[in-house]
Amino acid sequence: MTTALVIGAGPSGLMAAEVLSAAGVAVTLADRMPSVGRKFLMAGKSGLNLTKITADFEAAFGDMPPALATAVAGFGPEAIMAWAKGLGQPLFTGSTGRVFPKAMKASPLLRAWLQRLDAQGVTLRTRHRWIGWQDGAALFQDHPAIRADVYILALGGGSWARLGSDGRWWDQMSQVVPFRPANCGFVVDWSPHMAPHLGKPVKGVALTSGDLRSRGEFVISARGIEGGGIYEVSAAMRDGAPLVVDLVPDLSLDRVQQALAKPRGKASLSNHLRKVLRLDPVRIALLNEFGRPFGGDFASTIKGLRLTHQGPRPLDEAISTAGGLRFDALNDDLMFNSQPGLFAAGEMLDWEAPTGGYLISASLATGRHAALGALRWTGNTPPAS
């Protein structure tokens, strides 16, 4: 019987173990943490966004390397939904196309998934930190080496170290791109007048940075700005593009100019803005923070307020990371060119995608793709899809 060792028990590693074991391979799944899927469970605390039903799903990944494109096309949103339902997890699709378990958390799905892996004979080894190779076997800190016919690395990126993704595999690789924060918040040094608004959401705006645009809301925190709307444009912000916020995206510039031209009387500017543009206190506070001094083109400022920041929050606070193992170190099956029989998957690869179902989808898809490549390399028949 063919043996396989999967190192890393996040979504990509779990999926690789499932595909391999379903094909009759004897799989050992090792993870450095005391329990598996910790980042997966954390993602589910706000509602596990598994994938997204949209006509341009693959476009969100930008210019994908061929192996990533093949993986995502081979296990897209519909296939992921069928897989989750096969684990007994009812799903629903929100108004934006985002797909969630009806339970709105990850734990029921993870329990069912682990039960399936156990039934398929997968051996789980926790508290196993991989530290390299010796004579073709995988070395683990404080544990015996494990030898297998084929290996899949699913070691995660460089964020959320407390959940398992600490990027310490970095020094074992040569063809890597430095990690950068992705889907992250940004530092803002607020003036004292913003104190009453810390922790409050900013709704009803449109954010633009570079070629990226979002209608999502974001949060003003003591540390800066964060939340879904920011994450959707964070890649461009991180790379130096300015962040521009339209405070009234449903009104044209002419409509804003007409509203501002209405008589103000004795009303304060804030009350005038509330009355004629329905700006809430949070948006007015942002306008005061970044828009002053108010010139003659006040309407344009409201329609294109530039928010300045001091760069992204630290890497370990990011939801995910860009950078990692370069795709040119791998073949189209995600096998290392320099080490036949060794494959890689998940966030340790050099790809980036926004939140909204794309991250988990691609992690699942690359785990499956690497496992299928491993089956082909070992001469095993893939399981029926």
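Structure shown above.
Values in this document were obtained by computation on a predicted structure and should not be read as measured data.

**Student:** Could you give me a rundown of the nonpolar core, with the residues and numbers involved?
**Tutor:** Looking at soluble globular proteins, one finds that nonpolar side chains tend to be buried together. Ranked by internal contacts, the top residues of the largest apolar core, which has 82 residues, are Leu20, Trp83 and Trp113. For this core, the leading source of residues is helix 11 (residues 358–378), giving 11 residues. In this view, tryptophan 83 contacts Met15, Glu18, Phe75, Leu109, Trp113, Arg116 and Leu364; residues no more than four positions away in its chain are not counted. Of all hydrophobic cores here, the second largest spans 37 residues; its members include Ile225, Leu247, Ala259 and Ala299.

**Student:** Explain the packing of aromatic side chains residue by residue, including any values.
**Tutor:** If you walk through the whole model with that rule in mind, you get 13 aromatic pairs. Here the aromatic rings of tryptophan 169 and tryptophan 170 are separated by 6.2 Å at their centres, their planes lie at 45°, and the arrangement is tilted. For the pair tryptophan 170 and phenylalanine 179, a centre-to-centre distance of 5.2 Å together with 50° between the ring planes defines the contact as tilted. Taking the relative accessible area as the measure of exposure, tryptophan 170 reaches 28% and is therefore partly exposed. For phenylalanine 179, a relative accessible area of 17% corresponds to the buried category. Three or more aromatic residues joined by ring pairs form one cluster here, namely Phe57, Phe61, Trp351 and Tyr358.

**Student:** Quick rundown of the environment of serine 234? Include the residues and the values.
**Tutor:** Along the chain, serine 234 falls in helix 6 (residues 228–238). What makes serine 234 buried here is its relative accessible area of 1%. In the structure, serine 234 is positioned 49 residues away from glycine 185 in sequence and 7.6 Å away in space, judged by C-alpha atoms. Not counting chain neighbours up to four residues away, the residues in contact with serine 234 comprise Ala182, Asn183, Cys184 and Phe186. At 2.9 Å, the side chain of serine 234 and the backbone oxygen of tyrosine 231 are in polar contact.

**Student:** Hey, could you go over the pattern of salt bridges for me, with residue numbers and the actual values?
**Tutor:** Applying the stated rule across the entire model yields 16 salt bridges. For arginine 180, the salt bridge is made with aspartate 239, and the minimal N-O distance between the two is 3.0 Å. Placement of the pair is arginine 180 in strand 11 (residues 176–182) and aspartate 239 in the loop between helix 6 and strand 18 (243–246), with a sequence separation of 59 residues. In this structure, arginine 223 and glutamate 226 form a salt bridge, with 3.7 Å as the shortest nitrogen-oxygen distance. Taking relative accessible area as the criterion, glutamate 226 reaches 23% and is therefore assigned partly exposed. A cluster of three or more residues bridged by salt bridges with shared partners is formed by Arg180, Arg238, Asp239 and Glu352.

**Student:** Explain the sheet that holds strand 4 (residues 91–93) residue by residue, including any values.
**Tutor:** Here we have 3 strands laid out as an open sheet, ordered 3-5-4, and antiparallel in their pairing. Looking along the sheet, the strands with just one partner apiece sit at the ends: strand 3 (51–52) and strand 4. Pairing analysis gives 2 bridges linking strand 3 to strand 5 (residues 98–101), with the strands arranged antiparallel. Across the sheet, the residue bridging to lysine 52 is arginine 98, located in strand 5.

**Student:** Report on the side chain of serine 221, specifying residues and quantitative values.
**Tutor:** Structurally, serine 221 can be placed in strand 16 (residues 218–221). Of the polar contacts made by the side chain of serine 221, one reaches the side chain of glutamate 226; its length is 3.1 Å.

**Student:** Any chance you could break down helix 5 (residues 107–119) for me, citing the residues and the numbers?
**Tutor:** Here helix 5 spans 18 Å end to end across 13 residues, near enough to the 18 Å set by a 1.5 Å rise per residue. Residues Pro108, Leu109, Leu110, Ala112, Trp113 and Leu117 constitute the buried set of helix 5. Lining the buried residues of helix 5 we find helix 1 (11–22), strand 2 (26–30), helix 2 (38–43), helix 4 (77–86) and helix 11. One or two residues past the end of helix 5 sits glycine 121, with phi positive at roughly 90°.

**Student:** Account for helix 4, with residues named and values stated.
**Tutor:** All of the buried residues along helix 4 are Pro77, Ile80, Met81, Trp83 and Ala84. The arc that holds every buried residue of helix 4, seen down its axis, measures 160°, which confines them to one face. Phi turns positive one or two residues past the end of helix 4, at glycine 88, with a value near 80°.

**Student:** Before we move on, can you summarise the pairing of strand 1 (residues 3–7) with the specific residues and values?
**Tutor:** Most of strand 1 is tucked away: 4 of the 5 residues are buried. Regarding the hand of the β-α-β motif, the stretch spanning strand 1, helix 1 and strand 2 is right-handed. Pairing geometry for strand 1 and strand 10 (residues 150–153), over 4 bridges, is parallel. Counted as the bridge partner of isoleucine 7 is leucine 153 from strand 10.

**Student:** Please provide a residue-by-residue account of unusual backbone geometry, values included.
**Tutor:** Located in the positive-phi region is aspartate 142, a residue other than glycine, with phi close to 65°. Considering the arrangement of structural elements, one finds aspartate 142 in the loop between strand 8 (137–140) and strand 9 (143–146). Judged by its relative accessible area of 70%, aspartate 142 falls in the exposed class. Not every positive phi belongs to a glycine, and leucine 334 is a case in point at roughly 70°. For leucine 334, the location among the structural elements is in the loop between strand 20 (320–325) and strand 21 (342–344). Here leucine 334 falls in the buried class, since its relative accessible area comes to 0%.

Reading guide: rules and limits
Residues numbered from 1 in each chain as written. Predicted model: local features only at pLDDT ≥ 70, side-chain atom pairs only at ≥ 80, totals over all residues. Heavy atoms only, no water. Core = buried A, V, L, I, M, F, W, Y, C linked by side-chain atoms within 4.5 Å. Buried < 20%, exposed > 50% of the residue type's maximum accessible area, 1.4 Å probe, protein only. Helix = DSSP H or I, 4+ residues; strand = E, 2+ residues; numbered from the N terminus. Contact = heavy atoms within 4.5 Å. Phe/Tyr/Trp six-rings, centres within 6.5 Å; stacked < 30°, edge-to-face > 60°. Polar contact = N/O pair within 3.5 Å; in protein donor to acceptor, adjacent residues only side chain to side chain. Salt bridge = Lys/Arg side-chain N within 4 Å of Asp/Glu carboxyl O. Pairing = 2+ DSSP bridges. Expected span 1.5 Å × (residues − 1). Arc of directions from axis to C-beta. Right-handed = clockwise from strand over helix to strand, strands pointing away.

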